[in-house]
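A structural walkthrough
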Amino acid sequence: MKVSAAAATDIGMVREGNEDSYLVDEPLFAVADGMGGHRGGEVASQLALETVEKLFRKGTGDLAEQVQEANRAVFERSVEDRQVAGMGTTLTAALVEGDRIRLAHVGDSRAYLLRDGELRRLTEDHTLVHRMVTEGEISEEEAEGHPQRSVLTRALGVDMFVDVDDDVVQVRSGDRLLLCTDGLTGMVSEEEIKEMLQDVADPSEAAERLVRAANEAGGVDNTTVVILDFSDDGQGHEAQPEASGGASVRAPRGRAFPSKRAAIWVGAAVAVIDLGLVGLRVYLDTQWYVGVFEGNVAIYRGIPAEVAGFRLHHVVVETTIPAEVAESFGRDLDQGITADDREAANAIVEQIRSDVEAAQRNGPGP
Ligand code: MN
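Conventions used here
- Residues numbered from 1 in each chain as written.
- Predicted model: local features only at pLDDT ≥ 70, side-chain atom pairs only at ≥ 80, totals over all residues.
- Heavy atoms only, no water.
- Donors = N, O, S within 2.8 Å, 3.2 Å for Na, K, Ca; no water.
- Helix = DSSP H or I, 4+ residues; strand = E, 2+ residues; numbered from the N terminus.
- Buried < 20%, exposed > 50% of the residue type's maximum accessible area, 1.4 Å probe, protein only.
- Phe/Tyr/Trp six-rings, centres within 6.5 Å; stacked < 30°, edge-to-face > 60°.
- Salt bridge = Lys/Arg side-chain N within 4 Å of Asp/Glu carboxyl O.
- Pairing = 2+ DSSP bridges.
- pLDDT = per-residue confidence, 0-100.
- Contact = heavy atoms within 4.5 Å.
- Core = buried A, V, L, I, M, F, W, Y, C linked by side-chain atoms within 4.5 Å.
- 1 Å grid on protein atoms, 1.4 Å probe; cavity = no way out; pocket = protein on both sides within 12 Å on 5 of 7 lines; lining within 4 Å.
- Points joined across faces, edges and corners; volume = space filled by probe spheres on them.
- Nonpolar A, V, L, I, M, F, W, Y, C, P; charged D, E, K, R; others polar.

What about the coordination of the manganese ion?
- Around the manganese ion, the protein contributes the donor atoms Asp-33 (OD), Asp-182 (OD) and Asp-221 (OD), which lie 2.1 to 2.2 Å from the metal centre.
- Donor residues binding the manganese ion come from one chain and are separated in sequence as D-x148-D-x38-D. In this pair, Asp-33 sits in strand S3 (residues 28-35) while Asp-182 sits in helix H5 (residues 182-185), placing the two residues 149 residues apart along the sequence.
- The exposure class of Asp-182 is buried, given its relative accessible area of 14%.

Looking at the packing of aromatic side chains
- Tallying each qualifying case throughout the model produces one aromatic pair.
- Between Tyr-289 and Tyr-300, the ring centres sit 4.8 Å apart and the planes meet at 0 degrees, which makes this aromatic pair stacked. Here Tyr-300 lies in strand S14 (residues 296-307) and Tyr-289 lies in strand S13 (residues 288-293), a separation of eleven residues in the sequence. You'll find Tyr-289 and Tyr-300 in the same group, each marked buried.

Describing the pattern of salt bridges
- In total, this model carries 15 salt bridges according to the counting rule given.
- Between Arg-102 and Glu-97 there is a salt bridge whose closest N-O contact spans 3.2 Å.
- Judged by relative accessible area, which is 24%, Arg-102 ranks as partly exposed.
- We note a salt bridge from Glu-191 to Lys-194, for which the minimum N-O separation is 3.8 Å.

A word on the environment of Glu-357
- Mapped onto the secondary structure, Glu-357 falls in helix H10 (residues 342-362).
- Separated by 36 residues in the primary sequence, Glu-357 and Ile-321 have C-alpha atoms spaced 9.7 Å apart.

Remarks on the pairing of strand S2 (residues 20-25)
- Among the six residues that make up S2, six are buried, leaving the element largely enclosed by the rest of the structure.
- Both faces of S2 are covered, namely the face carrying Asp-20, Tyr-22 and Val-24 and the face carrying Ser-21, Leu-23 and Asp-25.
- Bridge analysis of S2 against S3 gives six bridges, and the strand direction is antiparallel. The residue of S3 that forms the bridge with Val-24 is Phe-29.

Considering the confidence of the model for the protein
- Taken over all residues, the pLDDT of the protein has a mean of 83, while the share at 70 or more is 81%.
- Per-residue pLDDT stays below 50 along residues 236-279; that stretch engages in 66 contacts with residues further than four places along the chain or on separate chains.

Considerations on the nonpolar core
- Counting 26 residues, the largest nonpolar core has Leu-28, Val-52, Leu-63, Val-67, Leu-91, Leu-156 and Val-164 as the members making the most contacts within it.
- Listing elements by their share of this core, those giving two or more residues are S3, helix H1 (37-58), helix H2 (63-80), strand S5 (91-97) and strand S6 (100-106).
- Considering every element that reaches this core, the biggest residue donor is H1, with seven residues.
- Setting aside residues no more than four positions away along its own chain, Leu-63 makes contact with Leu-28, Val-52, Ala-93, Leu-95, Arg-102, Leu-103 and Ala-104.

A word on the side chain of Lys-194
- Note on placement: Lys-194 falls in helix H6 (residues 190-199).
- Apart from the residues within four sequence positions on either side, Lys-194 is in contact with Leu-114, Gly-117, Glu-118 and Leu-119.

Overview of empty space enclosed by the protein
- As enumerated under the stated definition, the model contains one cavity of 30 Å³ or more in all.
- The space that makes up the largest cavity amounts to roughly 30 Å³.
- In terms of lining residues, the largest cavity is bounded by Asp-62, Leu-63, Ala-64, Arg-102, Leu-103 and Asp-166.
- Sorting the residues of the lining of the largest cavity by element identifies H2 and S6 as the ones contributing at least two each.
- Per-class residue counts for the lining of the largest cavity are three nonpolar, no polar and three charged.

Below you can see the structure in the form of structure tokens.
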């Protein structure tokens, strides 16, 4: 299979820097959307892609393992360097292997496949909002314009290990693959994305067109897209006639480009919101606490708080210990007792259990 690739990135209309990065190094392609305050996001997305590319060139591991290593590289840098502490990044990568694409994915950047006029999403968003949709708390439509839609439940560089989604997709001549950051999907509907991908044949033009559409819709975020066009390499039966004089189409080669930078600074509001989200992104799935669920002591994952009316936690373990009894031992379960990890949360519950059991043995029962 022959691949024609193009990429475009833009700072957008309101951000002060471009924290997105992309990788176009046939047969390996990726986008990454960094976060983490001043400089951090830029470093995270670039370091992640450079790490994946380097390991791929060396032939170390498979794509998912290379992404796992990239996670470690970003995490270690964020621990070593105070200036980039707390940084993280999304990463959506595609490796072309003949007529198959191997995908590796963490975060809320996306991969789409356009085939026969249908646009299919190949990745699942690792976001709070997506989780609320799958749990039936809100609808797909409510999720689309949701103010907290960029709160991530998974990102690279936040912890020593990360779950990497991987998948293999069969491609055929005429297919078009899109990798993009949420700067596109937050601004432009899937219907419009599909139309542009269908209407504009040249991949570079299509990439530019998508980025422009995101900016015209407000461009509140950095936008990055990578487009891959698959065509028969002449071995098969469906070779398409060359449009002009048979010049062979070469995919651009390159390194992990840092995105173009420009100094456009509109106001502090965006930065403040962003910082809040960065904090949440980091915390959500690495935090645990013991609280109350339906009157009983329970272990929660997340933080005991709500943002704009949405809970940032979910119950992991329900116990049969009545919360009222536990609270009679001076434990403030209403506020939630936070724990560093699941084991620590278990230990708190076991302590509560033994207190309650001891009291039941010794004194009058509740
Ligand atoms: Mn973004």
